[in-house]
Amino acid sequence: MSQSVLNITAAFQALQAHHAALQGQTMRDLFAADPARFERFSLNAAGLFLDYSKNKASTETMSQLFALARERQLESRRDAMFSGEKINTTEKRAVLHTALRAPATLALTVDGQQVSTDVHAVLARIQTFSAALRSGEWLGYSGQPLTDIVNIGIGGSDLGPKMVCQALQPFQHARLNMHFVSNVDGRDLDAVLSRIDPRTSLFVIASKTFTTNETMMNARAARNWFLQNAQGAQESDLRKHFVAVSTNVQAVSAFGIDPANMFPFWDWVGGRYSVWSSIGLSVALAIGFEQFSEFLAGAHAMDQHFHSAPLEQNMPVILAMLGVWYRNFFGSSSISIAPYLQDLEHFPSYLQQLEMESNGKRVSHDGSTLTVATCPVIWGNVGTNGQHAYFQLLHQGTDITPVDFIAALKPNYTASHELPGHQATLLANCFAQSEAFMRGKTADEVRTEMQAKGVPEADIAALLPHRTFPGDRPSNTILMQALTPATLGALIALYEHKVFVQGVIWDVNSFDQWGVELGKVLATQILGELTGAAEAQEHDSSTTGLIAKARAALL
Ligand SMILES: O=P(O)(O)OC[C@H]1O[C@](O)(CO)[C@@H](O)[C@@H]1O
């Protein structure tokens, strides 16, 4: 698995030389030199359109980036993932989220198990359960149909279903209200419990391991709340109001949930790649199984594209390699995600886990320390809100931060609401921002504009540096006709494969997450000290001081 050190590979060094030779060349120059740049640097795949023309990349840059991808054996690594090889080497697991959205005909075996048979058997159970709940056939203990679904999970067991339910809210069943509780801060659960009725609520306890502290604490509290507040309910009524989604049948039974009410998945599904598995149960409940199948089909279409398109016309590969270009050759330490879609409000935080938990690593597969930078910080917010908050920094700050703009051409308004003008204004803002990042505004342009307005020369001289935009700031624009289950599925899969490609380039294991372990262990230890259940341990003076303050308040 070990590969040669990235910064001394031939393709990497060629890119370094290419980058040095480009000094002084701007995107304005690239557009001026090639009237067909938009056509040349854009493509369609799986219902998505990617315009990557506003990047500091020429045809030569792209071909060198593809050479780097080939040098890192991207194609065979990709095929290894799709075929179920155990590419998550530190956990000795296959990585098969793509199998969760493949047709039933997929012939693939992992550890002697027919993957597709298992996947489609669970999908059939999700279909039956979601149909019964949505139709009102599944009744609570008091005989009423359920109205409120509370998904209790954290990380991938929360961010995926929460983001997707929010994004596809226009497709949601009118009777159902979706709630997501993740934080161990009791205010999160408290806020939901205070507005639901135990007689008409379903709790979906979502945890791959069923041992995650935050989730188990919230799940136990929800169970107690139910038994205390559901008047006339018996313990045996819990089965009408609690279901589990997990890989750990023993822990689910020990918690008191009947395995008949458990929707399983498998260790070859990583938490941050799990929305396609039973972790998507809340999504299927909200939008119905048919739409959930569309969501899976959209992702599958992107899988097929990623698996078969040549690198030069491969959307995830292009997105990934441009990311590598900025991270490793321009030193960009973050990427901003700007969905011009209110319904994608949670998409940036979803991508934070997907990208940073996957590729936020500092050692290669063989454990040696990497000599190049890996995953940048991912952050962002919906446009146009971001424009009025941090876009100032993106336009005129000292760092160059690439931006991914995401927009739908058609809105998903509720039919009864006419909002003429909103969509055109939204798109105008999106396109204006990418143009402004690319073009900037030179001092000459600013001077001419101010002179035409009759501004005195002294004021022009004073304001010129402040009103000049350096420009030459890169962005991608991803468009879809409308945000539907299928286009959302394709969009998520696009970023999943982008993360995979970058992991291959940097030679990191994108599918483990050892970096979250130390904090978990220390929190358990400190909890004992805070509650008085454990002896005080040796800490640094800061931690000791903080513990003392909390003990004084809590005990
Ligand atoms: O689904 P689980 O097992 O509760 O884990 C939740 C999350 O915790 C992590 O293991 C670490 O934060 C994530 O990878 C995962 O999505």
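Below: a short report on this structure. What you see is a predicted model, and the numbers here were worked out from it, not measured in a lab. (Residues numbered from 1 in each chain as written. Predicted model: local features only at pLDDT ≥ 70, side-chain atom pairs only at ≥ 80, totals over all residues. Heavy atoms only, no water.)

1. Thoughts on the pattern of salt bridges
(1) Moving on: Throughout the structure, instances matching the rule amount to 23 salt bridges.
(2) Moving on: A salt bridge links Glu235 to Arg223; the shortest N-O distance between them is 3.4 Å. Taken together, the residues span a long stretch of sequence, with Glu235 in the loop between helix H9 (213-229) and strand E8 (242-246) and Arg223 in helix H9 at a distance of 12 residues.
(3) Moving on: A relative accessible area of 52% means that Glu235 is categorised as exposed. (Salt bridge = Lys/Arg side-chain N within 4 Å of Asp/Glu carboxyl O. Helix = DSSP H or I, 4+ residues; strand = E, 2+ residues; numbered from the N terminus. Buried < 20%, exposed > 50% of the residue type's maximum accessible area, 1.4 Å probe, protein only.)

2. Things to note about the packing of aromatic side chains
(1) Moving on: Counted by the stated rule, this structure contains 28 aromatic pairs.
(2) Moving on: Residues Tyr141 and Phe226 carry aromatic rings whose centres are separated by 6.0 Å and whose planes lie at 85 degrees to one another, so their mutual orientation is edge-to-face. You can see Tyr141 sitting in the loop between helix H6 (115-135) and strand E5 (148-152) and its partner Phe226 sitting in helix H9, a full 85 residues away along the chain. One exposure class covers both Tyr141 and Phe226, and it is buried.
(3) Moving on: Summarising the aromatic geometry, the rings of Phe289 and Phe292 are spaced 6.4 Å apart at their centres and angled 45 degrees between planes, so their arrangement reads as tilted. Pair noted here: Phe289 and Phe292 are both in helix H12 (residues 289-308), with a separation of three residues, about one helical turn.
(4) Moving on: Members of the aromatic cluster, connected to one another through ring pairs, are Tyr340, Trp379, Tyr390, Phe391, Phe405 and Phe437.
(5) Moving on: Lying over the aromatic face of Phe263, Arg125 brings its terminal NZ or CZ to 4.8 Å of the ring centre.
(6) Moving on: Against the face of Phe255 rests Arg223, its NZ or CZ located 5.8 Å from the ring centre. (Phe/Tyr/Trp six-rings, centres within 6.5 Å; stacked < 30°, edge-to-face > 60°. Lys NZ or Arg CZ within 6 Å of the ring centre and 35° of its normal.)

3. Focus on the sheet that holds strand E13 (residues 475-480)
(1) Moving on: Ordered in space as E1-E2-E13-E12-E10-E11, the six strands form an open sheet in which the pairing is mixed. A single partner strand is all that each edge strand has here, and the edge strands are strand E1 (42-45) and strand E11 (377-380). When strand polarity is set aside, the average angle formed by the axes of neighbouring strands in this sheet is 20 degrees.
(2) Moving on: Taken together, the four bridges between strand E10 (residues 334-340) and E11 define a ladder with parallel strand orientation. Paired with Ser336 across the strands is Trp379, a residue of E11.
(3) Moving on: Strands in contact with helix H19 (residues 485-506) are strand E2 (48-51), E10, strand E12 (403-408) and E13; relative to E13, the strand with the most contacts, it is inclined by about 150 degrees. (Pairing = 2+ DSSP bridges. Axes fitted to C-alpha atoms, helices over the stretch in contact; angles between N-to-C directions. Contact = heavy atoms within 4.5 Å.)

4. As for the site of the ligand
(1) Moving on: The environment of the ligand is made up of 13 residues, and the closest members are Ser157, Ser207, Thr209, Thr212 and Glu357.
(2) Moving on: Thr209 is positioned such that a nitrogen or oxygen atom in its side chain is 2.6 Å from an oxygen atom of the ligand.
(3) Moving on: Thr212 has a polar side-chain atom sitting 2.5 Å from an oxygen atom of the ligand.
(4) Moving on: Contact with the protein chains covers 87% of the free accessible surface of the ligand, which is 390 Å².
(5) Moving on: Secondary structure elements with two or more residues in the shell around the ligand: helix H7 (156-167) and helix H14 (347-359).
(6) Moving on: Residue composition of the shell around the ligand, by class: two nonpolar, nine polar and two charged. (Near = heavy atom within 4 Å. Polar contact = N/O pair within 3.5 Å; in protein donor to acceptor, adjacent residues only side chain to side chain. Areas by Shrake-Rupley, 256 points an atom, 1.4 Å probe, with all protein chains shown as cover. Nonpolar A, V, L, I, M, F, W, Y, C, P; charged D, E, K, R; others polar.)

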